[in-house]
Amino acid sequence: MMFVEKHPLLFYTMVVVSLLIAMLVAIAPFAPEYQVLRPELVCLLVIYWVVSVPQHLGISFAFLTGLVQDLVEQSIWGAHALALSIVAYICVSSYQRIKSYSIWHQTAWVSVLVGLHQLVVNWMQSLAGYRSSTISLLASVIISTLLWPVLLSGLRRLRQNYRMI
Amino acid sequence: MHSLKKKSLDITSQFYWVSDLPSKAEQWADNRLVSRSRLLQENNALRSENLVLSQKILKNAALEAENFRLRQLLNASEAVEDRVLIAELIGVAPDPQLHKVIINRGEVHGVYAGQAVLDAFGLMGQVVEVGERYCVVLLVTDSTHALPVKVNRNGVRLVAEGVGNLYELKLRHVANTLDIGVGDLLVSSGLGGRFPAGYPVAEVTEVTIDQGRAFAEVKARPMAKLNRSRHVLLVFEREKEG
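Everything numeric here is computed off the predicted structure, so don't read it as measured data.

A. Inspection of the overall build of chain B at higher detail. A tally of regular secondary structure across chain B gives 2 helices and 12 strands. Listing the helices and strands of chain B from first to last along the sequence gives α-α-β-β-β-β-β-β-β-β-β-β-β-β. On the principal axes, the C-alpha backbone points of chain B span a range of 55 × 45 × 35 Å. Put simply, chain B has 242 residues, and 37% of those count as buried. Restricting the contact set of chain B to residue pairs at least 6 apart, pairs at least 24 apart contribute 58%. By element, 54% of the accessible surface of chain B is carried by carbon and sulfur atoms, the whole surface being about 14,200 Å². With 30 positive and 29 negative side-chain charges, chain B shows a spacing of 2 Å between the two charge centroids.

B. How the structure looks around the overall build of chain A. The number of helices and strands found in chain A is 7 helices and 0 strands. When the helices and strands of chain A are read in sequence order from the N terminus, they spell out α-α-α-α-α-α-α. A compact globule built from 165 residues should have a C-alpha radius of gyration of about 15 Å, and chain A, at 15 Å, falls within 12% of that. In terms of principal-axis extent, the alpha carbons of chain A reach across some 50 × 30 × 30 Å. For chain A, the proportion of its 165 residues judged to be buried stands at 50%. Residue pairs in contact within chain A that sit at least 24 positions apart in sequence constitute 67% of those at least 6 positions apart. Entry remark: accessible area of chain A is about 8,400 Å², with carbon and sulfur atoms responsible for 69%.

C. Expanded view of the environment of Val51(A). Residue and element names in this part refer to chain A. Its location among the elements puts Val51 in helix 3 (residues 41–52). Put simply, Val51 and Ser94 are 43 residues apart on the chain and 8.4 Å apart in space, counted from C-alpha to C-alpha. Residues contacting Val51, with those up to four places away along its chain left out, are Cys91, Tyr95, Ile98 and Lys99.

D. View of the interface of chain A and chain B. Taken together, the 21 residues of chain A in the interface contact 22 residues of chain B. Buried surface at the junction of chain A and chain B, both sides included, amounts to about 1,800 Å², of which 65% is carbon and sulfur. Interface area lost by chain A to chain B is led by Ile27(A), Gln74(A) and Tyr130(A), which between them contribute 38%. Counting across the interface, chain A meets chain B through 0 salt bridges.

E. Geometry of the nonpolar core. Membership of the largest hydrophobic core comes to 46 residues, with the highest contact counts inside it found for Phe11(A), Ile47(A), Trp49(A), Phe61(A) and Trp148(A). Sorting the residues of this core by element identifies helix 1 (3–6), helix 2 (8–27), helix 3, helix 4 (59–73), helix 5 (79–100), helix 6 (103–127) and helix 7 (134–161) of chain A together with helix 1 (2–32) of chain B as the ones contributing at least two each. With sequence-adjacent residues up to four places away left out, Trp49(A) is seen in contact with Phe11(A), Met14(A), Val15(A), Ser18(A), Leu57(A), Phe61(A) and Arg159(A). Ala116(B), Cys135(B), Val140(B) and Leu186(B) belong to the second largest nonpolar core, which has 41 residues in total.

F. Structural detail: the sheet that holds strand 3 (residues 116–118) of chain B. Residues and elements named next belong to chain B. If you walk around this closed barrel you meet the 6 strands as 1-2-5-4-3-12, and the pairing is antiparallel. When the angles between neighbouring strand axes are averaged without regard to direction, this sheet yields 45°. With 3 bridges joining them, strand 1 (residues 83–92) and strand 2 (residues 100–103) adopt antiparallel strand pairing. What sits directly across from Leu89, in strand 2, is Ile103. Contacts from helix 1 reach strand 1, strand 2, strand 4 (123–130) and strand 5 (135–139) within the one sheet, and its direction differs from that of strand 1 by about 80°.

G. A look at the sheet that holds strand 7 (residues 157–162) of chain B. Residues and elements named next belong to chain B. The strand order around the closed barrel formed by 6 strands is 6-7-8-11-10-9, and the pairing between neighbours is antiparallel. Strand after strand, the sheet turns through a mean of 40° between neighbouring axes, direction not considered. The pairing of strand 9 (residues 185–188) with strand 10 (residues 200–208) spans 3 bridges and is antiparallel. Bridge assignment links Leu185 to a residue of strand 10, and that residue is Glu203.

H. Spatial organisation of the packing of aromatic side chains. Tallying each qualifying case throughout the model produces 5 aromatic pairs over all chains. Here the aromatic rings of Tyr48(A) and Trp49(A) are separated by 5.0 Å at their centres, their planes lie at 75°, and the arrangement is edge-to-face. Residue class for Tyr48(A) comes out buried when judged on its relative accessible area of 9%. Here the aromatic cluster, defined as three or more aromatic residues joined through ring pairs, consists of Phe11(A), Tyr12(A), Tyr48(A) and Trp49(A). We note Arg38(A) situated over the ring of Phe30(A); from NZ or CZ to the ring centre the distance is 4.3 Å. Lys225(B) extends its terminal NZ or CZ atom over the ring of Phe121(B), reaching a point 4.1 Å from the ring centre.

I. Examining a nonpolar patch on the surface more closely. Residues and elements named next belong to chain A. Taken together, the side chains of Leu82, Ile86, Trp123 and Leu127 present a nonpolar region at the surface, about 390 Å² in accessible area. Counting only elements with at least two residues in the nonpolar patch, the list comes to helix 5 and helix 6. Counting through the fold element by element, Leu127 comes out in helix 6. With relative accessibility at 61%, the residue Leu127 sits in the exposed group.

J. Quick look at the confidence of the model for chain A. Averaged over all residues, the pLDDT of chain A equals 90, while 99% of them reach at least 70. Ranking the elements of chain A by mean pLDDT puts helix 1 of chain A last with 81 and helix 3 of chain A first with 95.

Analysis parameters
Residues numbered from 1 in each chain as written. Chains lettered and ligands numbered in written order. Predicted model: local features only at pLDDT ≥ 70, side-chain atom pairs only at ≥ 80, totals over all residues. Heavy atoms only, no water. Helix = DSSP H or I, 4+ residues; strand = E, 2+ residues; numbered from the N terminus. Buried < 20%, exposed > 50% of the residue type's maximum accessible area, 1.4 Å probe, protein only. Contact = heavy atoms within 4.5 Å. Areas by Shrake-Rupley, 256 points an atom, 1.4 Å probe, with all protein chains shown as cover. Lys, Arg positive; Asp, Glu negative; His and termini not counted. Charge placed at Lys NZ, Arg CZ, Asp CG, Glu CD. Rg over C-alpha atoms; globule rule 2.2 N^0.38 Å. Buried area = accessible area lost by both parts, 1.4 Å probe. Salt bridge = Lys/Arg side-chain N within 4 Å of Asp/Glu carboxyl O. Core = buried A, V, L, I, M, F, W, Y, C linked by side-chain atoms within 4.5 Å. Pairing = 2+ DSSP bridges. Axes fitted to C-alpha atoms, helices over the stretch in contact; angles between N-to-C directions. Phe/Tyr/Trp six-rings, centres within 6.5 Å; stacked < 30°, edge-to-face > 60°. Lys NZ or Arg CZ within 6 Å of the ring centre and 35° of its normal. Patch = residues over 30% accessible without salt bridge, like charges linked within 9 Å, V, L, I, M, F, W, Y side chains within 5 Å. pLDDT = per-residue confidence, 0-100.

In structure tokens:
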């Protein structure tokens, strides 16, 4: 039996806490010239949680997370919600493949997902008149991708240490 | 729906409050661990600044009295000083395109949507969303913001719009023959009834006149230190107060 079925409360607490930390990273004050280096931690965590327990956390989870991120970031309501829903949809429909990939293969796959996320968010924002430059979009995709192996091994170790697998 | 929006602003502001904690701690430590010599130095600097400011006020009093008499001659209503509320900035919207900041004053302090926000140097923006204890301010440089201004020197009315750059405002529909030059101060004109009249907004930095085009291209630099100021002022208009 998986951890999520044995201790659902503990598991969901872990998910919520990780997302709260990611939200803090999303709004932490950065100097304007380092803004582009901000990783899309919320998107990475949504990918991680959806791929690890797709039978419990799916598109509605991603949508709600995205809505909260929109509220927190003061962006257009629904921009992150839509982007994360699309990412979650791809994850739910192909989690078996993603799980079986090697870590570097997975990282390449994640870069495509984060890129898609950035594209959709930027598209929604530009409908309201806020268009970011291509460079800043690419930079955050690269930073987020580089963070994936670190995040993956960190969370894996954490869950193994506390027997939360 | 409205109260839901308000609630959500109050809850999400907590994130900004938490993310502001490190700088709060730094401020606290800065206040505690400051050397005597630096305090003395600061004290001297403040003293001389105070002297300069009081000298300016002396001149101001005479001007104000004169202005009052002239206004009485014109049968105009007297200009009373605006009531202000000091607020502290607790967060900045993370998207560099989105020029919004979150400040720690809300409905319980009497803040209302559309209220003008200033810093010590000029007009910063206006309140767009009000929560219980926090509110969101749209800065004048946001690409969705525009405000009516006038040239301080000759009173020509214009509209200054943001372009998404913290150091730049663009003036719309400036006729090629208009009397405007680099260094002119733009102040809020009070038209539209949103911003109080007479606060400095920007200084003209570039005037490009191309006879081939219908209008001159005029750029200005905001007077307010939009990415530096931590303490801001909320201005209350007299009729909307309360």
